[in-house]
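# Tertiary structure, described
In case you want the letters, here they are:
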Amino acid sequence: MATAFISYSHEDSNILDRLKVHFKPIEKKYNFLVWDDKRLRAGDKWKVEIEKNLDQADVIVILLSADFLASNFVMDFEYPKALSAAVDRGAKIVVLIVGPCLYDEFDIAEFHFVNDPKETLQDVQADDFSAKHERILVRCVEVVRDYLKEAKDKASKSNKP
């Protein structure tokens, strides 16, 4: 099963929740797993589960914001693991910019973003989720879907005798 891991700051949970609505149809249609820490259950060793799912992800989606960059856990644990997954295993990093932030201070600026840094989700969001906001989320899902389909196809070809 092809998998995506979503790395985010809990301050951006509303964006995560809306993004997951857009992911739901492709999870079912293509048998993908989109994982985030809201899947953790009581009794799980949360850090072990996060590490395991990061290590297995074909795609790592980063919801980039000032809160993401300010999170010690994200920047000291999840983000370095994501970069290692990209270098060591070829996992794809998909960056969705939630709000204005100092992204260019970090090597995350090396990745092509889903949306223009001058048109963050916060820039296009009105009181409710606007159509432009939703289109950016859809674009993110399309990019992830395409990478997951590639990973799934590659895995099925390597499993053929």
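Residues numbered from 1 in each chain as written. Predicted model: local features only at pLDDT ≥ 70, side-chain atom pairs only at ≥ 80, totals over all residues. Heavy atoms only, no water.

Scanning the chain from terminus to terminus reveals six helices and four strands. Taking 2.2 N^0.38 as the reference for a compact globule, 161 residues should give roughly 15 Å; the C-alpha atoms of the chain span a radius of gyration of 15 Å, in line with that estimate. Referenced to the eigenvectors of the C-alpha coordinate spread, the extents of the chain come out at roughly 50 × 35 × 30 Å. A total of 161 residues make up the chain; the buried ones form 46% of that total. Summing over all exposed atoms, the chain offers an accessible surface of approximately 9,000 Å²; the carbon and sulfur share of this is 48%. Between the centroid of the 24 positive side chains of the chain and the centroid of its 29 negative side chains there is a distance of 10 Å. (Helix = DSSP H or I, 4+ residues; strand = E, 2+ residues; numbered from the N terminus. Rg over C-alpha atoms; globule rule 2.2 N^0.38 Å. Buried < 20%, exposed > 50% of the residue type's maximum accessible area, 1.4 Å probe, protein only. Areas by Shrake-Rupley, 256 points an atom, 1.4 Å probe, with all protein chains shown as cover. Lys, Arg positive; Asp, Glu negative; His and termini not counted. Charge placed at Lys NZ, Arg CZ, Asp CG, Glu CD.)

Right, let's talk about unusual backbone geometry for a bit. For residues other than glycine, phi is negative in most cases, and the peptide bonds are mostly trans. One non-glycine residue with positive phi stands out, namely Asn31, at about 60°. Relative to the assigned elements, Asn31 resides in the loop between helix 1 (13-30) and strand 2 (33-35). Classification of Asn31 as partly exposed rests on a relative accessible area of 42%.

Turning our eyes to something else, we now look at the sheet that holds strand 2. Overall, parallel pairing links the four strands, which are arranged 2-1-3-4 in an open sheet. Either end of the sheet is taken by a strand with one partner, and the two such strands are strand 2 and strand 4 (92-97). Strand after strand, the sheet turns through a mean of 20° between neighbouring axes, direction not considered. Bridging between strand 1 (residues 3-7) and strand 3 (residues 59-64) involves four bridges; their strand directions are parallel. If you follow Ser7 over to strand 3, its bridge partner there is Ile62. In the packing of helix 1 onto the sheet, the strands contacted are strand 1, strand 2, strand 3 and strand 4, and the crossing angle to strand 3 comes to about 155°. Taken strand by strand, helix 2 (residues 46-56) contacts strand 1, strand 2 and strand 3, and its axis lies near 130° from that of strand 1. (Pairing = 2+ DSSP bridges. Axes fitted to C-alpha atoms, helices over the stretch in contact; angles between N-to-C directions. Contact = heavy atoms within 4.5 Å.)

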